[in-house]
Amino acid sequence: MSAAETIHVDGVWRTAASGAQREILDPADAKTFAVVAEGGKEDTDAAVAAARRAFDEGPWPRRPVAERAALLRRVADLLQRDREAIALTESRDTGKTLEEGRIDVDDVTNAFRYFADLAVNESGGRVVDAGTDDVHSVVVYEPVGVCALITPWNYPLLQASWKIAPALVAGNTFVIKPSEITPLSTVHLMRLLAEAGLPAGAGNVVTGPGDPVGARLAEHPEVDLVSFTGGLASGTKVMAAAAPTVKKVALELGGKNPNVVFADACATEEGFETAVDQALNAAFIHSGQVCSAGSRLIIEESVRDRFVAELARRAALIRLGRGTEGGVECGPLVSAQQLAKTEAYVADAIAEGATLRAGGCRPEPSSTRPATGYFYLPTVLDHCHGDMRVVREETFGPILTVETFRTEEDAVALANDTEYGLAGAVWTADAGRARRVAKRMRHGTVWINDYHPYLPQAEWGGFGKSGIGRELGPSGLDEYREAKHVYQNLAPQPVRWFKG
């Protein structure tokens, strides 16, 4: 395979029909470290046609679910075999630390195994009581068909697995378009799928930009479902493009996530340390480039000064550098565009009255932080409020804003004061308060005295403008299936409605 043969159609790796290529940059130094095919409309149409044939005529949808699940388990084993190589690719592609890359591979492995087990352990259908022994009525689940999967640049391998695993075990075929910025781990995953025995055409990859590749997938009349993870503006375009063909649509569009800390969570030194540590993790893991990042700290006023002072002190100590270097805790932003956006958000916030407590600029270059890299210091902005752009918009950078409250009612109101609703957390030593606040928070995931963990068995998705549908859990499998009611009359007789 040549360097630019990253388009996979009908079992064959190939270059773009146009011959176009794209250089993939290492965000730590902005240097090219890979070249991929820059696909276009012709490549996309060819991939959809291959997936269509594979679904309508090929063996994959007709294989027993146990065989489909077995393939997912083989892929899981191959992911562990290639764990170090994939983690390195993910680190260089996205900028995250090597350890984060390893965790991603493990999480992807767990997702493949979970969906394999889920599909096998399900019954053959749901029997519906028709009220008589003369009728056998059952609801069965069948694959949707050809699935278009469009994934983001921050967690390329993880997001691909959340879509590919349930789509395949349900019996679908797919075309996946990874982000043009970080496509390499998805290409690797497709190689593992082929090695595990996925039939030609059942899985296809087109590397290329959102326009035309993603746009064509969303509008294509031969695509039965489009699943998109990314920004709100792009998600609304996907939804509009899919509407004329009335295909199924699943959208995960990010969030602006509150991390609510009550004073009683900080009443002991251990509690204080834990809450501060978790606030740092919530905001600055992967340089804040996480859809569920706890970028809004909402802290009770009585502990605000001490909490923010310690938070800012520790944010300034975060070891920033190339993700593949030992001892580095936080890598660069993914691109020059993302760095410029982060700088603009911080400048606007300060102009609107926020107080800079930590960060707020690029770091001094060092042996692990080349001057050409897209590095930005973890930033803490105090005295923020809901009218600020930095509080309302998803920044996708290492920016933590601080808001305060006095009452439980105020805390809930602030937590829900967002057009998004993906995730959030509440920290308190009061079990009753924890349950009350969690119940009232309008977010798809709510953590109590924790931040960031997820389980493949539990649904992931959001309220409001965070999207439509769910990934993971039983609902994550259902996204890729159609329900069919089969009603069998075991003792048919004339109805005699019409007398003639």
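Everything numeric here is computed off the predicted structure, so don't read it as measured data.

Rules used throughout
Residues numbered from 1 in each chain as written. Predicted model: local features only at pLDDT ≥ 70, side-chain atom pairs only at ≥ 80, totals over all residues. Heavy atoms only, no water. Buried < 20%, exposed > 50% of the residue type's maximum accessible area, 1.4 Å probe, protein only. Helix = DSSP H or I, 4+ residues; strand = E, 2+ residues; numbered from the N terminus. Arc of directions from axis to C-beta. Contact = heavy atoms within 4.5 Å. Phe/Tyr/Trp six-rings, centres within 6.5 Å; stacked < 30°, edge-to-face > 60°. Lys NZ or Arg CZ within 6 Å of the ring centre and 35° of its normal. UniProt positions renumbered as here; feature names shortened; annotations may be inferred. Pairing = 2+ DSSP bridges. Axes fitted to C-alpha atoms, helices over the stretch in contact; angles between N-to-C directions.

Caption draft 1: Quick look at helix α13 (residues 408-415). Of the residues making up α13, those classed as buried are E408, A411, V412, L414 and A415. In a view along the axis of α13, the buried residues occupy a sector of 165 degrees, so they form one face of it. At its buried positions, α13 is contacted by β12 (258-261), β13 (296-300), β16 (399-405) and α14 (431-440).

Caption draft 2: Structural view of the packing of aromatic side chains. All told, the structure shown has eight aromatic pairs when counted by the stated rule. Where Y114 meets F115, the ring centres are 5.1 Å apart and the plane angle is 65 degrees; that geometry is what we call edge-to-face. Across this residue pair, the class does not change: Y114 and F115 are buried. Each ring, one from F272 and one from F307, has its centre 5.8 Å from the other, and the planes form 80 degrees; the classification is edge-to-face. A residue pair is termed long-range when its members are at least 10 positions apart, and F272 in helix α9 (residues 269-284) and F307 in helix α10 (residues 301-315) qualify at 35 residues. Counting every residue linked through ring pairs, the aromatic cluster contains W162, W447, Y451, Y454 and W460. Positioned above the aromatic ring of W13, the side-chain terminus of R191 is 5.6 Å from the ring centre. Just above the ring of F272 sits the side chain of R306; from NZ or CZ to the centre is 3.7 Å.

Caption draft 3: Representation of the UniProt feature "active site" (unreviewed entry) in the protein chain in the model. UniProt marks E252 with the feature "active site" (unreviewed entry), using the numbering shown here. Note on placement: E252 falls in strand β11 (residues 248-252). When residues no more than four places from it in sequence are discounted, the contact partners of E252 are Q159, F228, T229, G230, C291, L422, W460, S466 and E471.

Caption draft 4: Examining the sheet that holds β13 more closely. The strand order across the open sheet built from seven strands is β14-β15-β16-β13-β12-β17-β18, with neighbouring strands paired in mixed fashion. Two strands close off the open sheet at either side, each with one partner strand: β14 (355-358) and β18 (445-448). When the angles between neighbouring strand axes are averaged without regard to direction, this sheet yields 25 degrees. Here strand β15 (residues 379-382) runs beside β16; their pairing, made up of three bridges, is parallel. Directly across from T379, in β16, lies its bridge partner I399.

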